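Secondary and tertiary structure notes
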Amino acid sequence: MGLEEYKQEFDSEIKASVYGTGVSTKAAFLEAASDLLIDYELESEFQITEYEGIGYRQHRLQLDGYVYGELSNSMSLALVDYRHEDNVITATEIETIVKRARFFLEDIDYILNNAEESSPGYGLAFDIKNNAFDIQKYKIYLFTNNQMSSRIKSLESDYIGDIPIEYHVWDIARLYELSKNSELKEDFEIQFNEFSDKPIPCLSVTSGDDYQGYMACIPGIVLAKLYNKFGAKLLESNVRSFLQIRGKVNKGIRNTIIKEPNKFFAYNNGITCTADSIEVNTSGGAPLLKSCKNLQIVNGGQTTASLASALLDKKEKLEDNIENIYVPMKISVVTDENSAELVANISKYANSQNKVSESDLSSNHPYHVRIEQLSRTTSAPALNGQQFGTYWYYERARGAYAQETHKATVGSKKTFEAKYPKNQKFDKTELAKLVNMFSGRPHIASAGGQKSFVHFMQEISKIWERDSNVFHSYYFKQLVCYKIIFKATDNIVKTVHHFDSYKANIVAYTLSKLSDTIDKHYKDKSIDFESIWQNQKISSAMNAELIKLTKIAHDHLVDENRGKQNVTEWAKKVDCWVQFKDQSYNLNPDFASELVSRNKIKDEEKTGRKDLVDRNEDEAMIELNKIKSSVWQNLQKWNVVHKVLSPTENDFINCAIKIYTKGVFPSGKQCVRILKTLDRARAEGFPE
């Protein structure tokens with residue numbers, strides 16, 4: 001795919017997002033563009049904050065999003081320049097646009113005196129003014145769907161007061177390069193003596209044609225300064241780095257830095273790194289690490305970032321403590337050929353530093369695979385005279401929908417889009433937010449896609465381990481109904497009440513309150529999901545209920561006695577939800593009469609579960625039939641030596657062998673158990 005085609009598909013994705021979710025074009029573009037940066041851990045998720053105004057010197061002010069990085073103590077501000085015609089964006093235009101965010105920072109006092117208190121810009125200005133964030137650096141991003149002039153090589157950093165400002169432009173060409181997985185990673189070399197004169201002992205422990213292993217002991221002050229200079233560049237391979245400093249492990253690290261720095265080496269597991277090459281100086285006798293090319297911290301990002309954050313902490317003044325800290329450092333020098341596989345395995349096998357594992361966060365988790373399968377096989381009813389039903393497309397992997405039609409003919413592309421309409425597409429981030437909203441977690445849904453997804457997967461992983469069969473076709477239909485209700489609520493906020501700010505928060509709190517009210521006061525009742533599914537829309541009674549409740553949710557969020565001035569940040573607090581949850585609320589009689597018995601829901605779930613079990617058994621029988629007899633014979637011999645399988649599991653292997661020795665094929669249930677036994681043996685090291 002070339003740049004022009006990528007731009008067309010990107011614009012098409014933006015239009016579909018605007019139509020499907022009701023967000024503005026700027027918001028949809030910022031979400032899509034910043035998602036790419038998030039994928040490569042170049043930035044965290046931006047909080048959409050659309051603000052425009054005039055400053056005290058008649059300068060234009062603009063802000064489209066922001067995110068505060070707790071590890072780097074940096075405030076990132078986003079600006080969007082989205083144009084419907086193709087233009088080359090010049091240096092002069094870029095300077096004009098990025099100054100709007102700079103003027104926002106300079107005019108904070110003016111904003112607080114003149115802007116509406118309910119406006120998004122006011123809340124952020126209030127927090128910055130009152131030091132709600134410990135800001136050590138500003139980063140201003142400009143995202144544009146046009147190409148930047150090739151004459152622009154770089155944007156000079158400057159200061160606002162004594163705080164440095166960096167400028168970053170992401171035009172469509174740069175986003176295209178990132179989407180191709182070129183990652184825009186520039187080679188960088190570290191000369192360790194530039195950061196400290198402290199020696200770094202380094203021993204070679206293993207070597208081979210494609211791998212060399214070293215053990216080193218790096219001073220904490222060097223590690224902290226490295227991160228403060230190179231930032232996310234050091235963590236591009238670390239799947240946990242975005243979890244940031246809020247986990248218990250990070251707080252433990254910080255406590256050790258403050259209270260017991262001399263025991264840091266004893267308490268901390270150290271860091272695991274890869275590098276393209278390293279230079280070890282042995283001229284003085286003891287081998288010392290001198291330089292390193294393209295260092296990547298694949299495990300231990302929290303240790304690194306916590307030290308860096310502590311070094312920047314002006315209040316605690318911890319530099320002397322960090323000078324006394326040493327961190328164990330394992331370095332793997334890898335080749336380009338084996339880099340991706342090795343990094344993935346290191347991340348997989350290294351000691352977990354958070355309760356959320358890599359597999360839990362992955363779109364490859366079997367839950368997401370199941371939802372994807374259900375989305376391809378569960379047809380929505382044919383409506384409005386159509387002769388066929390449509391499908392709700394679950395995009396488990398980014399870009400999967402576009403990939404389906406990338407090389408298709410015009411005719412097959414139209415057929416695909418008729419079957420899977422663009423406005424019936426949703427991804428794992430949307431899914432997580434929807435489930436959090438309907439599960440009474442609007443503060444989590446309001447915290448942003450990443451945090452919402454992490455919390456969602458913590459819950460889903462537990463349920464999956466207990467009983468994966470609860471995720472059946474009726475469960476999928478409920479998810480689609482959540483999306484239909486969400487879109488209707490979003491439209492009400494936008495077109496009925498014309499609320500210009502906090503739409504996402506209003507919708508989240510409305511749907512959580514609705515769900516909570518039904519659970520509290522109509523314990524044996526439920527929303528009629530089957531009716532919504534059959535009609536692919538909500539009823540007029542439900543629409544009237546949502547009109548009433550969205551107004552109440554809005555008033556709660558902007559109440560002058562709210563717990564935090566910044567409404568967007570207030571919506572993320574559990575106290576905000578608790579207060580709203582405790583407010584008395586009664587459903588309209590018309591909508592209450594439409595609620596159905598939970599027994600009806602249970603019957604639908606039983607049917608869905610049975611269908612899933614039957615299908616799983618059928619698939620297991622087909623899969624088992626594909627496996628050669630030698631696999632089972634080899635497994636039986638392997639288990640005699642390794643003694644991994646239980647007697648019951650060994651019986652299942654014998655059952656598989658009888659397919660070929662006696663012509664007896666197992667039942668569907670037995671096939672499922674046989675395949676599970678094989679999977680466990682593989683996990684224990686069975687080589688087949």
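As a reminder, the structure under discussion sits directly above these lines.
1. Things to note about the sheet that holds strand S15 (residues 296–299)
Read from one edge of the open sheet, 5 strands run S10-S11-S16-S12-S15, paired in mixed fashion. Edge positions in the sheet fall to strand S10 (202–207) and S15, since each of these pairs with one other strand and no more. Direction aside, the axes of adjacent strands within the sheet are offset by 30° on average. In the sheet, strand S12 (residues 271–275) pairs with strand S16 (residues 326–334) via 5 bridges, with the strands oriented parallel. From the neighbouring strand, Thr274 faces S16, where its bridge partner is Ser332. Lying over the sheet, helix H7 (residues 220–230) contacts strand S11 (211–219), S12, S15 and S16, oriented at roughly 105° with respect to S11.

2. Concerning helix H23 (residues 540–557)
Between its terminal C-alpha atoms H23 stretches 26 Å, which fits the 26 Å expected from 18 residues at 1.5 Å a residue. Buried within H23 we find Ala541, Met542, Glu545, Leu546, Leu549, Thr550, Ala553, His554, His556 and Leu557. Close packing links the buried residues of H23 with helix H20 (473–496), helix H21 (503–521), helix H22 (529–535), helix H24 (567–570), helix H25 (574–582) and helix H26 (589–592).

3. Structural notes on the environment of Gly220
One can find Gly220 in helix H7. Apart from residues no more than four positions distant in its own chain, Gly220 is found in contact with Leu307, Ile322, Ile325, Tyr326 and Val327.

4. Structural notes on helix H27 (residues 598–626)
Between its first and last C-alpha, H27 extends 42 Å over 29 residues, near the 42 Å set by a 1.5 Å rise per residue. Residue Ser597 occupies the N-cap position of H27, its side-chain oxygen lying 3.1 Å from the main-chain nitrogen of Asn599.

5. Observations regarding the sheet that holds strand S9 (residues 189–191)
Ordered in space as S9-S14-S13, the 3 strands form an open sheet in which the pairing is antiparallel. Each edge of the open sheet carries a strand with a single partner, namely S9 and strand S13 (277–281). For this sheet the average axis-to-axis angle between neighbouring strands, irrespective of direction, equals 20°. As paired strands, S13 and strand S14 (residues 288–293) are joined by 5 bridges and run antiparallel to one another. Its bridge partner being in S14, Asn281 is matched across the sheet by Leu288.

6. Quick notes on a nonpolar patch on the surface
Residues Leu203, Val205 and Met215 make up a contiguous nonpolar surface patch of about 280 Å² in total accessible area. Examined against the element boundaries, Leu203 turns out to sit in strand S10. A residue is classified by how much of its surface remains accessible, and Leu203, at 52% relative accessible area, is exposed.

7. Section: the packing of aromatic side chains
Taken as a whole, this structure holds 31 aromatic pairs when the rule is applied. With a centroid separation of 5.8 Å and 15° between ring planes, the pair formed by Trp464 and Phe471 is classed as stacked. Since its relative accessible area comes to 2%, Phe471 is described here as buried. Consider the rings of Tyr509 and Trp577, whose centres lie 6.1 Å apart with planes at 70°: the pair is edge-to-face.

8. Here we look at the environment of Val435
Structurally, Val435 can be placed in helix H17 (residues 428–438). Under the relative-accessibility criterion, Val435 is labelled buried at 10%. Residues Val435 and Met457 lie 22 residues apart in sequence; the distance between their C-alpha atoms is 11 Å. Those residues within four positions of Val435 in sequence are excluded, and the remaining contacts are Arg441, Phe456, Tyr475 and Leu479.

9. Points about the nonpolar core
Residues Tyr367, Phe456, Ile485, Leu514 and Met542 are the most contacted members of the largest nonpolar core, which totals 66 residues. The element best represented in this core is H20, accounting for 13 residues. Not counting residues within four places of it along the chain, the set of residues in contact with Met542 comprises Ile485, Leu514, Ile527, Ile532, Phe591 and Glu594. Judged by nonpolar contacts, the second largest core, of 40 residues, contains Ile257, Leu289, Cys292 and Ile297.

Definitions and cut-offs
Residues numbered from 1 in each chain as written. Predicted model: local features only at pLDDT ≥ 70, side-chain atom pairs only at ≥ 80, totals over all residues. Heavy atoms only, no water. Pairing = 2+ DSSP bridges. Helix = DSSP H or I, 4+ residues; strand = E, 2+ residues; numbered from the N terminus. Axes fitted to C-alpha atoms, helices over the stretch in contact; angles between N-to-C directions. Contact = heavy atoms within 4.5 Å. Expected span 1.5 Å × (residues − 1). Buried < 20%, exposed > 50% of the residue type's maximum accessible area, 1.4 Å probe, protein only. Polar contact = N/O pair within 3.5 Å; in protein donor to acceptor, adjacent residues only side chain to side chain. Patch = residues over 30% accessible without salt bridge, like charges linked within 9 Å, V, L, I, M, F, W, Y side chains within 5 Å. Areas by Shrake-Rupley, 256 points an atom, 1.4 Å probe, with all protein chains shown as cover. Salt bridge = Lys/Arg side-chain N within 4 Å of Asp/Glu carboxyl O. Phe/Tyr/Trp six-rings, centres within 6.5 Å; stacked < 30°, edge-to-face > 60°. Core = buried A, V, L, I, M, F, W, Y, C linked by side-chain atoms within 4.5 Å.

None of the figures reported here should be taken as evidence of function without further support.
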